[in-house]
Each structure stands twice: as C-alpha cells, then as structure tokens.
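# Observations on chain architecture
Given next are the chains, with one letter for each unit.
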Amino acid sequence: MNTGKGETMTSGPRRKPEDLRSARWFNADDLRSFGHRSRVLQMGYDYQDFMGKPVVAILNTWSDMNQCHSHFRHRVEDVKRGVLQAGGFPVELPALSLSESAVKPTTMLYRNMLAMETEEQLRSHPVDGAVLMGGCDKTTPGLVMGAISAGLPMIYLPAGPMLRGNWRGQTLGSGSDAWKYWDERRAGNISETQWGEMEKGIARSYGHCMTMGTASTMTAIAEALGLCLPGASSIPAADANHIRMSASCGRRIVEMIWEDLTPDKILTPQAFDNANTIAMATGCSTNAIIHLIAMARRAGVDLDLDDLDEKSRHTPVIANIRPVGTNYLMEDFFYAGGLSALMNRLGDRLNRDCLTVTGRTLGETIEGAEVYNDDVIRPLDNPVYAEGSLAVLRGNLAPDGAVIKPATCAEAFLVHEGPAFVFDSYPELKAKTDDENWDIPPDAVLVLRNAGPQGGPGMPEWGMLPMPKALLKKGHRDMVRLSDARMSGTSYGACILHVSPEAHVGGPLALLRNGDTVRLDVPNRRLDMLVPDEEIAARKAAWVQPEKRFERGYGWMFSRHILQADKGCDFDFLETSFGAPVGEPDIY
C-alpha cells in the first residue's frame, strides 16, 4: 500500500473494526456504551465519523507559554487532516507543555509528570493509537516514556528547529551564542544596545533551538529509534515540508493501528544501539545520556553509562553543527541532507534491519539518502571530532559516574589538576563570580553542589557555571567546572556534570572542601579528589543531611521516588521492572 512519497507500508493480517481497543467503549449494546456514543454525538459528530474507525489521540504540547511549539496550534489541524484522509477519527488531548525557558526551577522536575500524564491519558481514553507532538527538550523523552508504558501504536511528530538567528549579518545559534556573548558583555566588550539587538535576533521563528542542543538531539534520537517518519527530525519548523510531514504522521498512525504496530516491536536493544550511535555521531547534548537511559529502561532494555561511553570511544562526530561544530546550524543540516543522509553515511555502524514506524526497516527508509554538503555532514575519515561527543568519568568523586563533553572544551583541560573552589548554592556562586576583585587562579576547579535530582531540586541546567568576571577581564573564556547539575545542550566548555551520587544524598561531592586538589583525566575516564581515604571517611561520618526540599505535593512525591542521574532520573515506580504491566481499565 502506498499513501504518498516514502510511505510504502507493510502488508499482512490487518485488525478488524471489532478488534479495535476503542470498540470496548463504543460497540456494546449496553448502558455504558450508550453513554459513550451519546456524548460523542453531543459534540456534533455522527456515527459515520467514529464507529468502526481507529480513534487517534493527538497529544499536543502546545501552550501560550511554549515558544518552541507555538505552531502546534496549527500543526494539530494538519495531523487531523491526515487521520481523516486515512479513515481514522482524530481527538486532540492537551499535554503538559514544558517550555524550557519559562518553567522553573527546571523542566526536568516535570519530565516524569509528562510521562505519567501521557501514559494515563492513553490508557484511560477510548483511543487506539497516538501521535505525539513534542520537540522542546523534555517533551520528547516525557512523551516517549509514557507512550512506551502505555503500549499503544504511536508515532512521534518533532516540532522542528527554528530558523537561524541573525545579528548585524552574523549568524546566531540558540543558547551557544547567548553564553558566548554574555561573557563578552560581562567582560565589557558588548554594549547594552548590541545585547538588545541580539535579544531580538537570536530567535526569529517558532521551533526549538537550532543548535545541536537537547531538543535537536532528542528528536534525532527519536528518529534513530524508528519512532519518526524518515527525515522528520531535521525539517525546520517554518518549512512547508513540516506541514506535509504532520499530515503524513496522521495518515501513517491509522495504518499502524490496523497493523497493530506497537512500540515493543520497534524499541529493541538494537534500536537503542542505533540511537546511541546517532547521539554520538551528531555531537549530542549531555542530557541525551539521562533521557536515553530512562527511555531504554521503560522499554525493558539494559542500557547504562558504560554502553554510552564505549559507543562514544568508537563513533566519530560527523555532524558539523554547533556547539561541537564550528559554523553550521540545523537549517544547514536539513539542506545538507538531514539525519537520513547522516545515517546512511554511517553504513554498517547502524543496525539497518530494525523496524520503524513506517513498517519498513531503517535500512530501507534511508537507502539512497544523499549528503549534499560534505562540510556539514562530514565523511567518516574527516570527522569534526575523532571520538563521540561525550565521555563518562568515574573515581572517588563520582563512583557512579559523571559526564563531560570533551568535543567542546580545549584539549588543555582534558588532563588537569587544580584547587577546588566550592559553593553550596547558586546565589552564593553567582555573587562570587560577579566579583571583579576575586583572586581565583585560572587553573582552579569551580564547584557547585546540591544541584542534582534531589538537591536542585530537579537537576537544573546550572552546570555551565558562570566564568568568574575577574578571569574574563584577563581574557580567559573557559576553566574546569564541576557539579551534580546538568547543563543546556547548547552549552560548551570544560564542564563536568551529573556527578553521581549527588551531594544532597551524601555523594562524595558533598565531602569536597575548598583547596582540595581535583584531578580530571578524560583519556583515562577518571575524576578524583586527591584526598586520603581515611580523611574522606572522616568527612563522611561528620556529614549532615541537608533539609528536605519539599514537605507536600508533587515535589514531595518527586523527592521520594526520583532515581539518580546514572539511572536516568525516572521515578522508581514507573520503571518497567517495578511491577507487572497495568491492565486495561474496567468499563461498567
């Protein structure tokens, strides 16, 4: 069957209308089904609209506060058009929006809430499958995690990157140039007028960040997992192709429902291995580690930090996109051939026989995809960075792991020793780094703790700690920085992140003191404080648990059940291994 270019579907036994999940709500000759049908009719629909047809839930993360998804108000109509064209019945279900720039203290505090909402919306409503509309950082993992647990056929519709930023003829990249030029302003090199002009030029359209930040990373991962239509994650949000892709998602989900193509048939260990490869080859966000592990564990796939580090050691970065790359952004990546071309270029580094939402294998969907610019998507023998984007560190400061992005820091910092300057809160750190007279040496290790999953709370993106103004004035633009926080995928520099276990629960970072020597050795994947074991033990015995962050509400539940960074920061009770699958709801 063919429903348009690139949409050749699988053939085989198809479900019958009476086999649809929604038939439990609508088909019976009883009082409850009478009520279900009458309430649909109440909305002006007729029996021909929904009886015997796949009911498609469209989970839409649009809101007036999510700038990345501002076009979703219109795109949802394109999805509905596709569903109707294919003979389905579309229903829009609003979902938690999670604007990365607006939600405080961090959207990571609410990723699992979106996952819970997604799972329960799909389970509790009379729907047969879902189109997941996301893109802004945590919406991709949140939607996917919940949909995996729900187990219904689903397809992911990525929001797409915004257009390139521009200031006085210079290209601006989301986040990356904000950090860069903010340091220049703090150093006195950028005027208030120039800063205001940048503010108006850095985000010129709807869509998520157009650097290879967390949003672009996670939508690429979703496509590599087989959850998107081919090439979908690379299409700029403002491009007309995005409208066509949205309608195609609507058409395809209807066929997936008839085919009973559920996530468990797509999300195999080999699919997650592909996602790992793509993360490293694209110069991914450090946040990919947390989200990819969480999604894998939802799917019952054993993926850990060591798997990610091993993949990184053998996968070159070939996407020349900032912040790892030098000149290009996601719009350029799309014009160069996009993710399909990059995946095809990776050859046998990918498991090409993995099934995708198209009903075909990954190899079939990317066959013939061409690279149109070898500087944007590099050949394997001319990578942007010889190893993958990330490195996992361990040692007496991070026995369960920490993460650094060596592709974005100077080689001089890859092996480093320096004295620790330790801060227990961000306000304390900020006040000190803004002090122009602070006498801090450039070889210092700037440390922030109590910013992890429990301590933050929610593990905020504070990990690209601000450079001390005193060092900026002297011309320094990077230093080794260490925290149990995360950082934006658009960030860069010698930032060690995700230290696990975190300081708030008594991890070794809580025991580090001012003046202690910290040793970083990226080639050997080590992170240590040069403090005798007996002294560390004495400090541990004297350590006092910080006060609880929450006494009630969602935050209280979060604090009781959140896992550490090395486990993906899911709630323990949501993981697949926690208990038996949840059954279908009773209807009486």
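For clarity, every value in this text was computed on a predicted model and none was experimentally measured. (Residues numbered from 1 in each chain as written. Predicted model: local features only at pLDDT ≥ 70, side-chain atom pairs only at ≥ 80, totals over all residues. Heavy atoms only, no water.)

The next thing to look at is the overall build of the chain. Looking only at helices and strands, one finds 20 helices and 14 strands in the chain. Over its C-alpha atoms the chain spans a radius of gyration of 24 Å, differing by no more than 12% from the 25 Å that the globule rule assigns to 588 residues. Out of the 588 residues in the chain, the part that is buried amounts to 60%. A separation of at least 24 residues holds for 76% of the contacts in the chain among residues at least 6 apart in sequence. In the structure as shown, the chain presents an accessible area of about 22500 Å², 50% of it carried by carbon and sulfur atoms. Here the chain carries 61 positive and 75 negative side-chain charges, and the mean point of each set is 3 Å from the other. (Helix = DSSP H or I, 4+ residues; strand = E, 2+ residues; numbered from the N terminus. Rg over C-alpha atoms; globule rule 2.2 N^0.38 Å. Buried < 20%, exposed > 50% of the residue type's maximum accessible area, 1.4 Å probe, protein only. Contact = heavy atoms within 4.5 Å. Areas by Shrake-Rupley, 256 points an atom, 1.4 Å probe, with all protein chains shown as cover. Lys, Arg positive; Asp, Glu negative; His and termini not counted. Charge placed at Lys NZ, Arg CZ, Asp CG, Glu CD.)

Of all hydrophobic cores here, the largest spans 104 residues; its most connected members are Val131 and Leu342. In this structure, Ala391, Phe413, Ala420 and Leu527 belong to the second largest nonpolar core, which totals 30 residues. (Core = buried A, V, L, I, M, F, W, Y, C linked by side-chain atoms within 4.5 Å.)

In the segment running from Gly456 into Pro457, the intervening peptide bond is cis, with an omega of -5 degrees. Cis geometry is adopted by the peptide bond preceding Pro501, which originates at Ser500 and carries an omega value of -5 degrees. Relative to the helices and strands, Pro501 is located in the loop between β12 (495-496) and β13 (517-521). Backbone geometry places Met459, a non-glycine residue, at a positive phi of 60 degrees. With respect to the element layout, Met459 can be found in the loop between β10 (445-448) and α18 (469-473).

Counted at 1.5 Å a residue, the expected span for helix α6 (residues 139-150) with its twelve residues is 16 Å, and the 16 Å between its end C-alpha atoms agrees. Burial runs high along α6: ten of the twelve residues are buried. Of the positions making up α6, those classed as buried are Thr139, Thr140, Pro141, Gly142, Leu143, Val144, Met145, Gly146, Ala147 and Ile148. Lining the buried residues of α6 we find β1 (55-60), α5 (111-124), β3 (129-134), β4 (154-158), α9 (214-224) and α12 (287-298). Of the residues trailing α6, Gly151 is marked for its positive phi of about 85 degrees. (Expected span 1.5 Å × (residues − 1).)

All right, on to the sheet that holds β4 then. Sheet architecture is open: four strands sit in the order β2-β1-β3-β4, paired in parallel fashion. At either end of the open sheet lies a strand with only one pairing partner, and these are β2 (89-94) and β4. Strand-to-strand, the axes of this sheet are offset by a mean angle of 20 degrees, without reference to chain direction. Contacting β1, β3 and β4, helix α10 (residues 240-259) runs over the sheet at an angle of about 175 degrees to β4. (Pairing = 2+ DSSP bridges. Axes fitted to C-alpha atoms, helices over the stretch in contact; angles between N-to-C directions.)

Along an α-helix, residues three or four apart share an orientation, since each turn contains 3.6 residues. Listed as buried for helix α7 (residues 176-186) are Ser176, Asp177, Tyr181, Asp183, Glu184 and Arg186. Positioned one or two residues after α7, Gly188 has a phi angle of 90 degrees, which is positive.

Right, let's get into the pattern of salt bridges. Summed over the entire model, instances satisfying the criterion amount to 41 salt bridges. The closest approach of N and O atoms between Lys80 and Glu77, which form a salt bridge, is 3.6 Å. Here Lys80 pairs with Glu77, and both are found in helix α4 (residues 72-85), just three residues apart, close to one helical turn. For Asp78, the salt bridge is made with Arg81, and the minimal N-O distance between the two is 3.0 Å. Remark: Arg81 and Asp78 occur in helix α4; sequence separation between them is three residues, near one turn of the helix. Classification of Asp78 by relative accessible area gives buried; the value is 12%. On the accessibility criterion, Arg81 (35% relative accessible area) is partly exposed. Among the charged side chains, a salt-bridge network with shared partners connects Glu100, Asp137, Lys138, Glu461 and Arg486. (Salt bridge = Lys/Arg side-chain N within 4 Å of Asp/Glu carboxyl O.)

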